[in-house]
Amino acid sequence: MQITKVHEFAKAIIMEAGERIRSSFSEKWKIETKADANDLVTNIDRETELFFIEKITAFDPSHKILGEEGMGEKIDSLDGVVWIIDPIDGTMNFIRQHRNFAISIGVYINGVGKLGYIYDVMRDQLYFAEEGQGAFMNEIPLKPLEAISLDKAIIGLNATWVTPNKKIEHLPMIELVRTVRGTRSYGSAALEIVSVACGRMDAYISMRLSPWDVAGGVVIANEVGAIASNLKNEPINLLKQDTFIVANPTIHSEIINHYIQLKYDNK
Ligand code: IPD
Ligand code: CA
Ligand code: CA
């Protein structure tokens, strides 16, 4: 398989999908809920995923596709070429803010992240990386991350985890918030991961993400030297939901070792 051909093809379909999403603002969307009242999905999420599946299948029917909306295959192994797709990451932002959402795609070969894309649709900014070739935003190279201390760091974190909750001890999290320079919460895991890759934030922590939330982002993050793992400092498993952290390498272990106390075993 020629990776350059796959890249040119991926870029073209992502840009086309972005154009379709922008055009959809003039239509009336169908908005539904999924797992709970705050878990939203629109016909545009589903149509975008279907668009990718049809294009990729026509490009090479041997490629497997794992998509958030479940319109691809059921995947229980990462053997072969696997596209992991979130058609719209940040659907709540898409619906309510009409910005701050992204298309997120990772292309993995036998479990190794080869190509990663995060397209900030409304800013028309395509973040991209190929394994071993560096990361880019609209063809401009991203710089390797520079060392930072925790007291100067900005971290991405949902405020829920600083209040009493079932998943993580909140008191060490309060301590973390007091220690760092600032916190942010953007509502799109993909955009938060690229914020770390660009050095606009220094870490992003989540208590539960799915493979499609992180697959594209970790390929990009790896290329600038960021470290991605679960909150037990284990490698990312793209076949299940898990806790997640991506961080500047100088603070990744410090955050996990000093501030993260999970209340349960995240299987
Ligand atoms: C969600 C966003 C959000 C994160 C959630 C994800 P979706 O993805 O990335 O920032 O906190 O865990 O599920 O549902 O908008 O694709
Ligand atoms: Ca998502
Ligand atoms: Ca989504």
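Preceding this section is the structure that the text describes.
The structure presented is a predicted model; accordingly, all values stated were derived computationally and were not measured.

Asks: How should unusual backbone geometry be read in this particular structure?
Replies: A negative phi angle is the norm for most residues apart from glycine, just as the trans form is the norm for most peptide bonds. Backbone geometry at aspartate 124 places phi at a positive 55°, although glycine is not the residue there. Tracing the sequence through the fold places aspartate 124 in the loop between strand S6 (112-120) and strand S7 (125-130). The class of aspartate 124 is partly exposed, set by a relative accessible area of 39%. The phi dihedral of asparagine 138 is positive, around 45°, even though this residue is not glycine.

Asks: Hey, could you run me through the side chain of asparagine 165 in this one?
Replies: Relative to the helices and strands, asparagine 165 resides in the loop between strand S10 (154-156) and helix H4 (170-179). With a relative accessible area of 13%, asparagine 165 lands in the buried category. The contact partners of asparagine 165, leaving out residues within four places of it in the chain, are Thr160, His170 and Lys263.

Asks: What is the right way to read the site of ligand 1 from this model?
Replies: Neighbouring ligand 1 are Glu68, Asp86, Ile88, Asp89, Gly90, Thr91, Gly187, Ser188, Ala189, Arg208, Leu209 and Asp213. Here isoleucine 88 contributes a backbone N or O atom positioned 3.2 Å from an oxygen atom of ligand 1. Residue glycine 187 places a main-chain N or O atom 3.1 Å away from an oxygen atom belonging to ligand 1. Taken by itself ligand 1 offers 380 Å² of open surface, and the protein chains cover 73% of this. Comparing atom positions with the cavity grids shows ligand 1 to sit within the largest pocket. Of all the secondary structure elements, the ones that give two or more residues to the shell around ligand 1 are strand S4 (81-89) and strand S12 (203-209). Broken down by element, the shell around ligand 1 gets its largest block of residues, three residues, from S4. Shared between two domains, the shell around ligand 1 holds at least three residues of each, these being domain 1 (3-141) and domain 2 (150-259).

Definitions and cut-offs
- Residues numbered from 1 in each chain as written.
- Chains lettered and ligands numbered in written order.
- Predicted model: local features only at pLDDT ≥ 70, side-chain atom pairs only at ≥ 80, totals over all residues.
- Heavy atoms only, no water.
- Helix = DSSP H or I, 4+ residues; strand = E, 2+ residues; numbered from the N terminus.
- Buried < 20%, exposed > 50% of the residue type's maximum accessible area, 1.4 Å probe, protein only.
- Contact = heavy atoms within 4.5 Å.
- Near = heavy atom within 4 Å.
- Polar contact = N/O pair within 3.5 Å; in protein donor to acceptor, adjacent residues only side chain to side chain.
- Areas by Shrake-Rupley, 256 points an atom, 1.4 Å probe, with all protein chains shown as cover.
- 1 Å grid on protein atoms, 1.4 Å probe; cavity = no way out; pocket = protein on both sides within 12 Å on 5 of 7 lines; lining within 4 Å.
- Sits in = over half its atoms within 2 Å of the grid points.
- Domains from an automatic or database assignment.

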